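Results of the structural survey
Residues per chain are reported as follows:
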There are 2 protein chains.
Amino acid sequence: MDRTRFPVDEWSLIESELRRDDLGAVETLFAVGNGYFGMRGNFDEGRDSHMDGTFVNGFHETWSIRHAEEAYGFARVGQTIVNVPDAKIIRLYVDDEPFVPFEADITEYRRALDLKTGVLTRELVWRTPSGKHVRIRSRRMVSFVERHLGVIDYEVTVLDAHASVLISSQMLNRQDATDEYRAKPLSGDEDFDPRKAESLTERVLIPQLSRERGGRYLLGYRAANSRMTVAAGMDHRFETLDEWEQSAHLDQDHAKQVYRIRATPGTTARLTKTVTYHSSRGVPTRELADRCDRTLDRAAEAGAVQLFADQAAWLADFWERSDVRIGGAPDIQQATRWNLFQLAQASVRTDGGGIAAKGVSGSGYGGHYFWDAEIYALPFFSYTTPDVARNALRFRLGMLPAARERAAELNQRGALFPWRTINGLESSAYYAASTAQYHIDADIAHALMQYVNATGDLDFVARGAIDILVETARMWADLGFWRGNGVRGFHIHGVTGPDEYTTVVNDNLYTNVMAKANLQAAVDMCDRLLRDDPDAYARMALRVDLDTAELAEWRDAAQAMHIPYDEGLGVHPQDAQFLERELWDLDNTPDDKRPLLLHYHPLVIYRFQVLKQADVVLALWLQGHEFTAEEKRRDFEYYDALTTGDSTLSAVVQSIVAAEVGYAHLAIDYFTSAIYVDLANLHRNTADGIHVASTGGVWSALTNGFGGMRDRDGQLDFDPRLPEAWTELAFSIALRGSRLRVTLTREAIAFEIASGEAVTVSVRGSAVVVMPGQPVSVPLAHQGVVIEGTPASADIAGQRRPDGSVITASIPAPLVGEEPE
Amino acid sequence: MDRTRFPVDEWSLIESELRRDDLGAVETLFAVGNGYFGMRGNFDEGRDSHMDGTFVNGFHETWSIRHAEEAYGFARVGQTIVNVPDAKIIRLYVDDEPFVPFEADITEYRRALDLKTGVLTRELVWRTPSGKHVRIRSRRMVSFVERHLGVIDYEVTVLDAHASVLISSQMLNRQDATDEYRAKPLSGDEDFDPRKAESLTERVLIPQLSRERGGRYLLGYRAANSRMTVAAGMDHRFETLDEWEQSAHLDQDHAKQVYRIRATPGTTARLTKTVTYHSSRGVPTRELADRCDRTLDRAAEAGAVQLFADQAAWLADFWERSDVRIGGAPDIQQATRWNLFQLAQASVRTDGGGIAAKGVSGSGYGGHYFWDAEIYALPFFSYTTPDVARNALRFRLGMLPAARERAAELNQRGALFPWRTINGLESSAYYAASTAQYHIDADIAHALMQYVNATGDLDFVARGAIDILVETARMWADLGFWRGNGVRGFHIHGVTGPDEYTTVVNDNLYTNVMAKANLQAAVDMCDRLLRDDPDAYARMALRVDLDTAELAEWRDAAQAMHIPYDEGLGVHPQDAQFLERELWDLDNTPDDKRPLLLHYHPLVIYRFQVLKQADVVLALWLQGHEFTAEEKRRDFEYYDALTTGDSTLSAVVQSIVAAEVGYAHLAIDYFTSAIYVDLANLHRNTADGIHVASTGGVWSALTNGFGGMRDRDGQLDFDPRLPEAWTELAFSIALRGSRLRVTLTREAIAFEIASGEAVTVSVRGSAVVVMPGQPVSVPLAHQGVVIEGTPASADIAGQRRPDGSVITASIPAPLVGEEPE
């Protein structure tokens with residue numbers, strides 16, 4: 001990160017000079033949103049941009065997937081998030097000269113995203129071609145309080161001359177505007193990246209409504225195929241002491257309110273613009289327009305001052321619950337808070353919707369929901385703002401019918417959740433790295449149990465969420481099978497684990513371990529429900545057609561679940577055949593061949609021991625009780641050297657497990673790369689949107705990695721690993737209605753009840769009871785074992801097995817290794 | 001086969017009554033072609049048809065494949081054979097009433113494809129609505145002698161009245177005619193079948209030329225994307241004693257020559273129509289039109305009588321070389337000859353082109369070339385008409401540059417031939433069942449060696465074909481790797497074998513066995529060339545950058561090639577993990593769930609021990625010397641029970657190995673289903689064209705299966721298995737310039753030199769020298785061991801391994817099997 005351009009500030013992301021570099025990435029960094037809708041950090045005045053994007057969570061278009069080669073059960077319906085009308089445009093002309101930020105002569109400049117107030121501010125002075133100086137100040141926010149509201153405050157002051165000033169506030173349908181159209185590259189073109197969204201080539205937003213009244217404009221549309229509806233509105237309040245006049249323009253794709261001001265020196269003209277979005281699966285746009293009116297009416301009543309104040313108040317609450325304080329590292333403190341703020345922007349007002357991989361900050365991955373939400377984002381919410389986690393889980397529950405149908409299509413009982421989706425249907429056409437990731441079922445069950453453990457919210461389970469546990473357990477019991485020959489036990493074949501550099505394998509360790517937990521959780525929760533609420537159990541059993549024989553089957557399958565282990569190497573194979581693969585020579589793979597997925601055919605990658613992301617290591621974290629400390633260390637060492645980190649889901653997990661097993665330097669290295677994934681655009685695709693999973697993982701790395709926190713069935717234990725360079729690490733944990741403040745220093749870990757009842761936790765296995773008003777400090781003799789150095793891939797590539805044979809490596813270098821006798 | 005409709009005739013396929021059933025399949029059965037171009041068996045008069053198709057081998061359109069999810073190295077260019085202008089149309093009107101075959105009142109009817117004369121004849125009497133009787137006789141052929149020529153002879157006789165007769169001879173661009181357009185079903189539709197051709201939705205044939213002169217018409221086009229050019233022509237000669245007049249019509253997509261006749265009772269009007277096609281990769285259509293003129297000029301000079309006579313003479317030669325005589329089974333004799341005739345129709349005049357999976361009889365598989373040609377069709381030609389095999393191998397040699405590029409794209413040295421292609425580029429978008437079939441390299445090398453062994457044509461090898469052996473061996477040496485741990489030796493991972501119901505596996509037995517032979521053949525031929533022709537060797541070594549160290553590497557890899565074997569079951573696993581899969585319960589899979597590929601997601605199928613087609617069993621045939629008799633029997637028994645036969649490549653192979661190991665009844669059952677694949681439309685997709693691979697396999701089943709013939713490095717051995725119901729099996733084998741006539745009876749196998757020098761063969765290991773003019777008869781004590789019964793899948797599903805454990809089966813029935821303790 002360029003610290004001259006982006007100076008350190010613990011509560012803001014500040015840009016101190018205007019540069020065209022990384023246009024798309026910077027748009028993402030300065031995006032504002034609330035989980036329901038988001039506006040990218042384009043300049044108000046438009047022009048140069050990577051993507052002028054505004055996104056409403058879940059508002060998408062569908063299209064028929066045309067497989068180049070079709071097969072039974074392949075995904076049929078593509079889903080792509082739509083760029084809804086851009087309501088944030090405010091163009092400025094002084095003496096008919098347009099203000100074009102990247103071309104203008106700018107004498108002062110500062111842009112900042114203030115994490116405490118939730119407002120993006122830009123202040124600059126423009127020297128016009130005729131030598132006049134114009135101060136422009138704008139503030140922009142998407143409200144966390146009013147789900148459908150955004151506010152823009154735009155001030156213009158000609159400092160040293162009279163001038164004719166024109167402010168043109170606009171709303172524009174960019175999705176279908178021809179000047180915004182970018183053709184999808186033909187497959188023959190080299191410039192492909194499967195991580196981007198599919199471009200839509202037909203008109204998407206069919207105009208339904210456009211109206212203007214008293215400076216308020218509304219545009220309404222229906223998406224051509226998905227039939228979803230959206231309405232966007234903007235309203236204006238204009239103030240100046242100078243003379244001015246206004247005019248209006250409206251057509252189906254464009255609305256424009258223009259102010260002409262005869263500006264006198266030093267007099268400020270201020271435009272307050274409120275914008276709103278309402279969307280639905282099919283409600284007529286008339287009705288949505290009425291909702292827009294109500295939002296804008298309420299905003300007008302409150303006024304800008306109040307709206308900005310409400311935003312700051314909301315964030316004060318948020319930080320009280322969610323802040324992680326890091327002593328002795330202001331740069332890391334800043335990056336950490338920026339990451340946590342992104343979690344809020346991606347999630348807090350999704351309400352009934354899902355948490356998309358890019359939040360509402362970009363169109364990457366088509367606006368889809370993945371298991372990123374459950375495994376990476378929800379831990380943060382379950383332990384700080386459980387209502388958000390509950391909403392996200394209810395959203396998954398709503399997808400259960402589609403998941404049941406998908407399971408049937410895949411010839412399984414129960415439910416199979418889609419790997420990527422907006423509307424509940426599997427949308428990935430490349431099944432080997434998507435539908436085959438059956439583990440998503442277990443991930444959802446895991447997140448549900450984590451939420452229940454953190455909150456004690458059994459009511460949520462009893463009132464329907466248990467169906468998720470039942471139908472996922474049912475799927476596992478049906479998918480797996482009993483083997484009597486060779487390796488006995490319960491086996492799961494033909495699945496893909498989290499790591500996408502091997503696909504469709506047998507007995508993927510992560511999948512088996514997580515499925516085991518899923519089966520056991522279903523049995524446990526059914527038992528518990530039967531005991532606590534026999535009526536609710538009876539209704540559930542009827543609803544999902546469950547009998548006790550099936551529960552017994554799940555219990556047996558969980559107990560007998562095969563966990564592959566290689567005695568020779570002393571590691572858990574990622575899958576049954578993983579250790580039989582050749583080793584990829586990562587040390588000799590040049591940077592311009594990374595990430596591997598963009599430079600090698602899947603068939604080539606699949607043939608090697610090389611990982612896109614943590615797989616076994618993720619299991620070591622999530623199901624740590626299944627492994628001994630020694631096993632964790634050996635597994636971490638083996639896989640760390642094979643992991644490219646081509647996925648941003650990887651570094652945070654590696655950081656957590658590195659901290660646990662003792663690779664303290666690696667832990668901080670991985671953590672640092674995780675917090676800068678977007679801030680430093682480390683994966684070169686921040687332009688497509690924030691990596692929300694990584695931002696969630698940052699919180700987990702802080703609390704689970706350095707804080708050493710683990711939750712086993714609701715029992716929290718802390719085995720801390722404070723990094724050497726830090727003086728302190730402090731955070732809050734919401735636990736069954738209480739809030740526990742945790743402060744870790746080198747000498748001790750302290751607990752305090754911030755609100756609620758007493759809480760019992762443990763430190764390195766010793767119970768600690770924390771009573772309200774009675775802080776407890778537990779002395780720490782150490783911060784865990786520390787292993788010097790790193791597990792180098794070179795060591796493993798040359799590693800000898802117990803029989804003395806050498807493991808070979810041969811890509812991209814020519815074949816080497818043992819010669820035949 | 002409905003023997004009332006299609007009566008037995010040893011030299012014809014006869015249809016004795018007109019029926020609308022299986023319209024598409026019957027069009028295929030009565031298609032005529034010569035390998036260069038073909039016309040489907042639509043009626044001259046047009047109207048009702050499944051597909052009015054005319055195909056020129058290799059004349060295709062290209063299109064950019066749009067992957068629903070893109071990845072590096074995925075196929076980019078789709079290729080689809082084009083329906084060239086239909087020149088066979090002759091419409092008939094009597095008193096302005098159109099003759100519409102399927103609606104007309106037909107009092108006599110007979111259609112026959114005469115395998116001796118190579119002519120499709122139709123004779124019928126039509127009772128017009130006004131009660132007049134009209135005899136219509138048509139003959140149609142595509143010349144084997146004149147590659148670009150087709151002849152149609154059309155006679156009309158009003159038997160019992162005066163009438164106004166109108167004969168309208170037409171040529172029509174159906175590819176782009178809107179009335180022929182069929183939209184590709186959206187992927188959401190259920191009616192998909194990956195075995196069909198991709199529909200082209202844009203205009204394909206861009207008109208370049210249309211002209212008429214003296215009743216001769218020419219139409220010329222350029223394909224929009226591929227830039228290939230084609231010209232089609234038709235010429236007419238009309239004779240009648242009645243009064244008549246003619247008129248002409250021409251536009252860019254349609255040509256029409258109309259004859260109006262004042263017909264008198266009993267007077268025959270005869271139209272002789274010659275048609276021609278010329279195509280090229282890019283020669284201007286003007287030039288192609290000139291070639292059409294020359295073909296039509298020559299045809300006019302010769303006259304129809306001579307052209308039909310030439311065709312019969314060519315076929316007399318063909319049958320002399322190629323006939324397989326079966327004593328005691330006229331129905332099988334007929335079906336056999338029809339199959340062999342199809343081989344001629346698909347292949348003999350491809351000249352520089354490839355042999356497509358459907359020949360020129362339909363658009364199935366998009367007109368693509370597969371390994372079907374090398375493994376299934378070429379054996380017939382190598383041993384009966386070697387020039388055709390040589391042409392096909394030269395065609396592959398021409399694709400070597402593209403195969404080199406593809407190998408590089410897949411990160412391999414050497415060459416990787418595409419699984420499906422027309423222009424040399426991989427055209428399959430589903431790599432798991434296509435690009436991953438690396439075995440195609442070994443298949444091509446195998447066919448080349450077979451041709452060389454049969455012909456002794458080392459000159460072909462020396463003059464360039466050796467490059468195929470070198471570049472394929474190089475690919476194998478680079479793809480495989482040495483393993484020191486676990487199972488030592490040379491291993492090949494991440495490939496798909498012939499069987500498409502398991503994909504991307506390690507150490508596929510077929511692949512490893514064939515790669516071994518490929519490596520060894522390359523070494524042997526290099527050694528031989530170095531010895532015989534050092535200069536040619538030196539040029540080759542320079543051309544392909546070969547040194548002796550590389551040869552040593554190939555020899556070592558071949559010797560150490562890992563051949564998986566399971567001691568417990570005593571069988572060769574299809575791949576390293578095959579025996580760890582669950583068993584599919586085929587006995588309880590209903591017919592309406594077959595073929596499996598149309599009713600189960602690949603992920604489901606891949607999880608089970610279930611085969612689309614012979615895989616290990618194919619290796620048992622092609623590389624029989626690698627296996628003991630006992631191994632062959634056990635492998636056959638194991639895999640036979642797991643094989644669905646959903647691919648038509650399967651039955652012929654199963655027949656051959658069933659005969660060898662002693663399952664005589666199975667051998668004849670599989671053979672019977674193979675010869676009737678198309679005749680009885682057993683796979684319900686004969687409408688898309690002939691299954692050429694199966695027709696070739698029929699010849700192999702007769703000679704290799706029942707004849708017991710094997711060729712080991714040019715040494716022929718016979719271990720016969722005459723089916724019980726047959727009295728005799730006789731065929732000819734071309735061997736290094738000689739032709740050997742083989743006659744197998746129950747008591748003896750007799751050899752006779754039909755032409756050429758003396759030949760040495762062996763019978764069950766004992767050498768037999770056959771001198772010209774001195775037939776030899778070798779007495780046979782038996783026809784091999786005979787095993788009663790069949791290897792039932794039920795037995796295997798319940799089979800116990802040596803440790804007593806049961807192998808389970810669970811699809812589509814619920815999970816059963818061993819319960820946990």
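Residues numbered from 1 in each chain as written. Chains lettered and ligands numbered in written order. Predicted model: local features only at pLDDT ≥ 70, side-chain atom pairs only at ≥ 80, totals over all residues. Heavy atoms only, no water.

**Notes on the overall build of chain A**
Definition in use: Under the scheme used here, helices are H or I runs from DSSP no shorter than 4 residues and strands are E runs no shorter than 2 residues, and both carry numbers assigned from the N terminus. Throughout, radius of gyration means the C-alpha value; the globule benchmark is 2.2 Å times the number of residues raised to the power 0.38. Under the scheme applied here, a residue whose accessible area is under 20% of the maximum for its type counts as buried, over 50% as exposed, and between as partly exposed, the area being computed with a 1.4 Å probe on protein chains only. A contact between two residues is defined here by any heavy atoms of the two lying within 4.5 Å.
Within chain A, the secondary structure is distributed over 19 helices and 32 strands. A globule of 821 residues ought to have a C-alpha radius of gyration of about 28 Å, and chain A, at 28 Å, matches this closely. Projected onto its principal axes, the C-alpha coordinates of chain A cover approximately 90 × 65 × 55 Å. Looking at chain A as a whole, 65% of its 821 residues are labelled buried. For chain A, the proportion of contacts with a sequence separation of at least 24, taken over those separated by at least 6, is 68%.

**Describing the confidence of the model for chain A**
Any residue range with low pLDDT should be treated as having predicted coordinates unsuitable for detailed reading. Residues and elements named next belong to chain A. Our working rule: A residue's pLDDT is the predictor's confidence in that residue, given on a scale from 0 to 100.
On average, residues of chain A score 92 in pLDDT, and 93% of them reach the 70 mark or higher. Across residues 178–191, confidence stays below pLDDT 50; counting only partners more than four residues off in sequence or on other chains, it has 17 contacts. Here residues 793–821 scores under 50 on pLDDT; set against residues more than four positions off or in separate chains, the count is 68 contacts. In the predicted assembly, ipTM is 0.87 and pTM is 0.90.

**Points about the pairing of strand 25 (residues 709–712) of chain B**
Residues and elements named next belong to chain B. Applicable threshold: A strand pair is defined by DSSP finding two or more bridges across the two strands.
Here strand 25 runs beside strand 26 (residues 715–718); their pairing, made up of four bridges, is antiparallel. Its bridge partner lying in strand 26, Arg 710 is registered against Asp 717. Once strand 25 ends, the chain turns through two residues before running back antiparallel as strand 26, passing Asp 713 with a positive phi of about 55°.

**Digging into the nonpolar core**
Which entries qualify depends on this criterion: Put simply, buried Ala, Val, Leu, Ile, Met, Phe, Trp, Tyr and Cys residues joined by side-chain atoms within 4.5 Å make one nonpolar core.
The biggest cluster of nonpolar side chains holds 445 residues, and the ones touching the most others in it are Trp 726 and Phe 751 of chain A together with Trp 726 and Phe 751 of chain B. Setting aside chain neighbours within four positions, we find Trp 726 of chain A in contact with Ile 326, Gly 327, Ala 329, Ile 332, Ile 668, Phe 671, Leu 702, Phe 706 and Arg 746 of chain A.

**Some thoughts on the packing of aromatic side chains**
Quick reminder of the rule: Any two rings among Phe, Tyr and Trp, with Trp reduced to its six-membered ring, count as a pair given centres within 6.5 Å; such a pair is stacked if its planes are under 30 degrees apart, edge-to-face if over 60, and tilted if neither. Remark: a charge is flagged as sitting over a ring if the NZ atom of Lys or the CZ atom of Arg is within 6 Å of the ring centre and within 35 degrees of the ring normal.
On inspection of all chains with the given rule, the structure shows 70 aromatic pairs over all chains. Ring centres of Trp 371 of chain B and Tyr 376 of chain B lie 5.8 Å apart, and the angle between their planes is 65°; this geometry places the pair in the edge-to-face category. A relative accessible area of 2% means that Tyr 376 of chain B is categorised as buried. Among the aromatic residues, those joined into a ring-pair cluster are Trp 11, Phe 144, Trp 314, Phe 318, Trp 319, Phe 341, Phe 380, Phe 381, Tyr 383 and Trp 699 of chain A. If you follow Arg 321 of chain A out to its NZ or CZ, it ends over the ring of Trp 314 of chain A, 5.9 Å from the centre. Over the ring of Trp 11 of chain B we find Arg 337 of chain B; its NZ or CZ atom is 3.7 Å from the centre of that ring.

**So, the sheet that holds strand 30 (residues 759–763) of chain B**
For sheets, the rule is that strands pair by backbone hydrogen bonds, running either parallel or antiparallel. All names here are of chain B. Defined as follows: Only C-alpha atoms enter the line fits that serve as axes; for helices the fit covers just the stretch in contact. Angles between N-to-C directions range over 0 to 180 degrees.
Spatially, four strands are ordered 25-26-30-31 in an open sheet, and the strand pairing comes out mixed. Pairing within the sheet leaves two strands with one partner each, and these edge strands are strand 25 and strand 31 (766–770). Across the sheet, the mean angle from the axis of one strand to that of its neighbour is 30°, orientation sign disregarded. With two bridges joining them, strand 26 and strand 30 adopt parallel strand pairing. Note on strand 30: the bridge partner recorded for Asp 717 is Ser 762.

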